[in-house]
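Here are the chains, one letter per residue:
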Amino acid sequence: MNDKVLLITGASSGIGESSAFAAAKAGYKVALLARSEDKLNKIANAINSEFGNDTALAIKTDVTQLEELGKAIHTTIEKFGKLDAVFANAGKGLNKAGTENGDPREWDEMIDLNVKSLLWTAKMTLPHLRETLGHFIITSSVAGKIYLPGSVYGASKWFASGFGHNLAREMKEWGGRCTIICPGMVDTPFFDEPKPDKLKPSDIADALVFALTAPARSTVREIEVMPTN
Ligand SMILES: NC(=O)c1ccc[n+]([C@@H]2O[C@H](COP(=O)([O-])OP(=O)(O)OC[C@H]3O[C@@H](n4cnc5c(N)ncnc54)[C@H](OP(=O)(O)O)[C@@H]3O)[C@@H](O)[C@H]2O)c1
């Protein structure tokens, strides 16, 4: 019960996967949520063989399904006994850019994930985080800080950032912390084509660990990480 416990959504690839390893290395137990069971099991097995059995728990979850998400949080508490931190990281982009050319069905799916599941994850984990004076971390984006022509994805990340800053003030009332991470372009399966000269997922995992391991007196409210080029 002395190890800290981190729940990560979108842990099956990219930023979430890299963060799972980085957090385990920093001494966290990690609950890994995503829909791809095979990928999650592989990641959990790799973490467990490197950092000790029972470090990682894979929980196949579609976080846009309220009940599934609730069950996954419950399973995490059952397994690890508490929740010290939550990394609300699951998110997706859009194939059809812009507003006039956008696809409303695709918007629905993205809003379910980038907006609604973020809200649900916060609502359902806050009672547990309150018990540990815990930490809620959000993957927003630099797209949630700038104006991009017609970008509905960008608007979803403006929501993530705005909500995160509001949540930070709510959590502060009881000594909790909230961090918003705003990456620029990261080389992950988020993009169809590789982006080898941009950020690596480990750059964002480093930012997560920096915020998580800051002394209790210090809240890292927002981190913007941009590719140098
Ligand atoms: N890559 C970038 O340049 C960049 C920049 C700024 C911000 N971001 C943000 O970073 C976050 C992580 O993205 P990434 O770049 O690491 O991309 P990624 O490799 O595509 O990861 C996305 C993750 O979200 C999970 N996910 C998608 N739908 C889900 C659902 N319904 N339920 C549960 N999990 C779901 C995916 O797993 P399953 O498919 O297995 O469910 C995957 O683990 C996102 O919020 C993204 O918007 C990315």
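Refer to the structure above for everything that follows.
Residues numbered from 1 in each chain as written. Predicted model: local features only at pLDDT ≥ 70, side-chain atom pairs only at ≥ 80, totals over all residues. Heavy atoms only, no water.

Participant: Teacher, can you tell me more about the sheet that holds strand β6 (residues 177-183) here?
Facilitator: Where strands meet in a sheet, backbone hydrogen bonds hold them as pairs that are either parallel or antiparallel. On the basis of which strands lie adjacent, the open sheet formed by 7 strands has the order β3-β2-β1-β4-β5-β6-β7 and parallel pairing. The sheet is open, and its two edges are formed by β3 (56-60) and β7 (222-225), each paired on a single side. On average, adjacent strands in this sheet sit at an angle of 15° to one another, irrespective of strand direction. Packed on one face of the sheet, helix α2 (residues 37-51) meets β2 (28-34) and β3 and runs near 175° to β3. On top of the sheet, helix α4 (residues 104-132) reaches β1 (4-9), β4 (85-88) and β5 (135-139); it is set at about 165° to β5, its chief contact. (Pairing = 2+ DSSP bridges. Helix = DSSP H or I, 4+ residues; strand = E, 2+ residues; numbered from the N terminus. Axes fitted to C-alpha atoms, helices over the stretch in contact; angles between N-to-C directions. Contact = heavy atoms within 4.5 Å.)

Participant: How should I be thinking about the site of the ligand in this particular structure?
Facilitator: Near the ligand you find 30 residues, and of these S13, S36, Y153, V186 and T188 are the closest. At 2.9 Å from a nitrogen atom of the ligand is found a main-chain nitrogen or oxygen belonging to V63. Mapped onto the shell around the ligand, the elements with two or more residues apiece are α1 (14-25) and α5 (152-172). By residue class, the composition of the shell around the ligand is 13 nonpolar, 14 polar and 3 charged. (Near = heavy atom within 4 Å. Polar contact = N/O pair within 3.5 Å; in protein donor to acceptor, adjacent residues only side chain to side chain. Nonpolar A, V, L, I, M, F, W, Y, C, P; charged D, E, K, R; others polar.)

Participant: What am I meant to see in the packing of α1 against α2 here?
Facilitator: Helix-helix packing is described using two parameters, namely the angle between the two axes and the distance between the axes. Their axes nearest at 10 Å, the elements α1 and α2 cross at an angle of 20°. By the angle between their axes, α1 is roughly parallel relative to α2. Taken as a pair, α1 and α2 cross one another with a handedness that is right-handed. In contact with E17, A20, F21, A24 and K25 of α1, α2 contributes I43, A46, I47, E50 and F51. (Parallel < 35°, antiparallel > 145°, perpendicular 65-115°, else oblique. Left-handed = near helix turned anticlockwise from the far one by under 90°.)

Participant: What exactly am I supposed to notice about the pairing of β7 here?
Facilitator: The side chains of a regular strand alternate between the sheet's two faces. Side chains of β7 alternate between two faces, with I223 and V225 buried and E222 and E224 left unburied. Judged from the 4 bridges that link them, β6 and β7 form a sheet pairing that is parallel. Note on β7: the bridge partner recorded for I181 is I223. You can see the chain leave β6, run along helix α6 (residues 201-212) and come back into β7, and the turn it takes is left-handed. (Buried < 20%, exposed > 50% of the residue type's maximum accessible area, 1.4 Å probe, protein only. Right-handed = clockwise from strand over helix to strand, strands pointing away.)

Participant: Would you explain the layout of surface pockets in this entry?
Facilitator: Using a probe with the size of a water molecule, rolled over the atoms, empty space left in the structure can be pinpointed. When its volume is computed, the second largest pocket comes out at roughly 210 Å³. Forming the walls of the second largest pocket are 13 residues, and the residues nearest its centre are K4, T132, L133, G134 and R177. Classifying every residue of the lining of the second largest pocket by side-chain character gives 6 nonpolar, 4 polar and 3 charged. (1 Å grid on protein atoms, 1.4 Å probe; cavity = no way out; pocket = protein on both sides within 12 Å on 5 of 7 lines; lining within 4 Å. Points joined across faces, edges and corners; volume = space filled by probe spheres on them.)

Participant: Would you take a moment to explain unusual backbone geometry for this structure?
Facilitator: Negative phi is the rule for most residues except glycine; trans is the rule for most peptide bonds. Phi is positive for D54, which is not a glycine, with a value near 75°. Along the chain, D54 falls in the loop between α2 and β3. A positive phi angle, close to 50°, is found at L133, a residue other than glycine. Residue placement: L133 occurs in the loop between α4 and β5. On the basis of relative accessibility, which here comes to 52%, the residue L133 falls in the exposed class.

Participant: Got a minute to help me understand the nonpolar core in this structure?
Facilitator: Nonpolar side chains in soluble globular proteins generally cluster together in the buried interior. In terms of nonpolar packing, the biggest core is built from 31 residues, with L6, I8, V30, L32, I47 and F87 touching the most fellow members. Only β1, α1, β2, α2, β4, α6 and β7 provide two or more residues apiece to this core. With 5 residues, α6 is the largest single contributor of residues to this core. Beyond its immediate stretch of four places on either side in the chain, V30 contacts L6, I8, A20, A23, A24, I47, T55, A56, L57 and F80. One finds V5, A31, F80 and V86 within the second-largest nonpolar core, a separate group that totals 30 residues. (Core = buried A, V, L, I, M, F, W, Y, C linked by side-chain atoms within 4.5 Å.)

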